[in-house]
Amino acid sequence: MSLSRSFPRLRKRADFLRVARGRKVARPGLVLQMAPQERADGQLEPSKARVGFTASRKVGNAVARTRAKRRLRAAAQEILMTKARPGYDYVLIARQATLTRSFPELLDDLEKALQMISNPRSPNRRREPTQ
RNA sequence: CCAGAUGGUCGGAUGGCCGCUGGUUCGCUUUGCCUUCGGGCGGGCGGACGAGAGGAAAGUCCGGGCUCCACGGAAACACGGUGCCGGGUAACGCCCGGCGAAGGUGACUUCAGGGACAGUGCCACAGAAAGCAAACCGCCUGCCUUUUGCAGGUAAGGGUGAAAGGGUGCGGUAAGAGCGCACCGCUGCUCUGGUAACAGGGCAGGCACGGUAAACCCCACCGGGAGCAAGACCAAAUAGGGAUGGCAUUGGGCCCGUUUCCGGGCUGCCAUCCGGGUCGGUCGCGCGAGGCGGCUGGCAACAGUCGUCCUAGAGGAAUGGUCAUCCGAAGGGGCCUUCGGGCCCUGGGACAGAACCCGGCUUACAGACCAUCUGGCUAU
């Protein structure tokens, strides 16, 4: 496979709506959604995980929203590159705290959210409940 | 030095690590397309080089380019907009220069600034009276026996009001009044200066003609509509359509000739192609009323000319993330002081993200700097 450090992006509205129907986990700095990809006929190998980013008007004006998405993108590049599951699509939703939280905290939020969403019944969830 | 006015410029800096978008170029690769079999185009991966948000990118309020639709030309009506004069501009409701009015000691600022003899309407409350003249109090004259009162004159005084039929002064008068005169204002005619708005003057008239057009309205000028989700192209799927060929045309259904017989038309299935145009993709989409600098003309807006530069192009929307160092006004605290201030700590980085592109306007904005000018203080 390629040595690229980037990952495919979700760009279509239909993809975002599909992932929104999947599993969902909230952390102080972000909300993570995940759903399995639709495989083409005859496709055996799962394709690379894809990621999308969203910020609603609650986060702030246009400047605040794009900045929140940029921080999420930088965090996703560090975490999801290695730990995302192939064959799944992820959506990261910005919150108001996305802008104020320090970057290490944001990375920690994303890592915990990824663990929780991948093992919904693991002891992790009970030991560290969200909110 | 302090306070202020106007115009303009900028709007964090440097570096490390990791990324994104599109461009040029090199290498590897290719179940795609074309091929004269050399290759070319396209796709994928990687490397190198240089580029990548704003003064408002914002609000979407005006003016244009561009695109599609409508329309024979022109005009009129309706509707909407603009409204002192001259100039600038592709155009404007914008800009520049002037005029008038208002404010400021001043630099300067502000302005819905055409028409009230075309017509209609309105002018609340108060007040005697609000557009046509009018007498509430008062003043004066006469009558009457005095008070009460009656008749008449009077717009100078009081009172009301946003506004009361010119203002001030002198004369005049019973008291008054443009009744007379002077000055100011007004109206008409006229002269001078100015392209003009307008300004200044002369003569005449005793003064008549109130305000309101961000009330209807009148006049002059301007305007066809919708917008890049415009629009053009490629094109899975699906509904319906067409052409050709094959099968069926035994039969069924419907329609027509009144019915039967007989005849005609429509209706079926499959394949290929055309056409269609959804998801998706490509273009539109970056050389332009272009930026910067000089010279010339102009008070200026701006124009002309010469040189030079090419400078974002996304699409759940790139133009960054992170770390370090530096810089940063007011305010607060401390120390020093030659009372001008200096040093240290703290504090503290605004408004805001291109979405087809230009010209404006409006609104938001931490802070820094420059130029010109005004008023004041001090010194020479």
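Scroll up to find the structure.
Below is a summary of the structure that appears in this document. What you see is a predicted model, and the numbers here were worked out from it, not measured in a lab. (Residues numbered from 1 in each chain as written. Chains lettered and ligands numbered in written order. Predicted model: local features only at pLDDT ≥ 70, side-chain atom pairs only at ≥ 80, totals over all residues. Heavy atoms only, no water.)

## A few points about the nonpolar core
This is how the line gets drawn: Side-chain atoms within 4.5 Å link the members of a nonpolar core, which is a set of buried Ala, Val, Leu, Ile, Met, Phe, Trp, Tyr and Cys residues. A 1.4 Å probe rolled over the protein chains alone gives each residue an accessible area, and that area as a share of the maximum for its type sets the label: buried under 20%, exposed over 50%, partly exposed in between. A run of DSSP states H or I qualifies as a helix once it reaches four residues; a run of E qualifies as a strand once it reaches two. Both are numbered from the N-terminal end. Pairs of residues are marked as contacts when any of their non-hydrogen atoms sit within 4.5 Å.
Membership of the largest hydrophobic core comes to 27 residues, with the highest contact counts inside it found for Leu30, Leu32, Leu80, Tyr90 and Leu92. Counting only elements with at least two residues in this core, the list comes to strand E2 (30-36), strand E3 (50-54), helix H2 (62-83), strand E4 (88-94) and helix H4 (103-118). If near-sequence neighbours (up to four positions away) are discounted, Leu32 is found in contact with Arg23, Lys24, Val25, Tyr90, Val91, Leu92, Ala113, Leu114 and Ile117.

## Comments concerning the sheet that holds strand E1 (residues 23-27)
Formally: Here, a strand pair is defined by DSSP locating no fewer than two bridges between the strands. Angles shown run from 0 to 180 degrees and are taken between the N-to-C directions of axes, each axis being a line fitted to C-alpha atoms and, for helices, limited to the stretch in contact.
With mixed pairing, 4 strands are arranged side by side in an open sheet as E1-E2-E4-E3. Across the chains shown, the open sheet's two edge strands, defined by having one partner strand only, are E1 and E3. Adjacent strand axes in the sheet meet at a mean angle of 20°, parallel and antiparallel pairs treated alike. Relative to E4, E2 runs antiparallel, the two being bridged by 7 bridges.

## A few points about the pattern of salt bridges
Applicable threshold: A carboxyl oxygen of Asp or Glu within 4 Å of a side-chain nitrogen of Lys or Arg is what we treat as a salt bridge.
Evaluated as defined, the whole model comprises 7 salt bridges. Between Asp89 and Arg50 there is a salt bridge, with the nearest N and O atoms lying 2.8 Å from each other. Within this pair, whereas Asp89 is found in strand E4, its partner Arg50 is found in strand E3, the two being separated by 39 residues in sequence. Note that Asp109 is salt-bridged to Arg101, the shortest N-O span being 2.5 Å.

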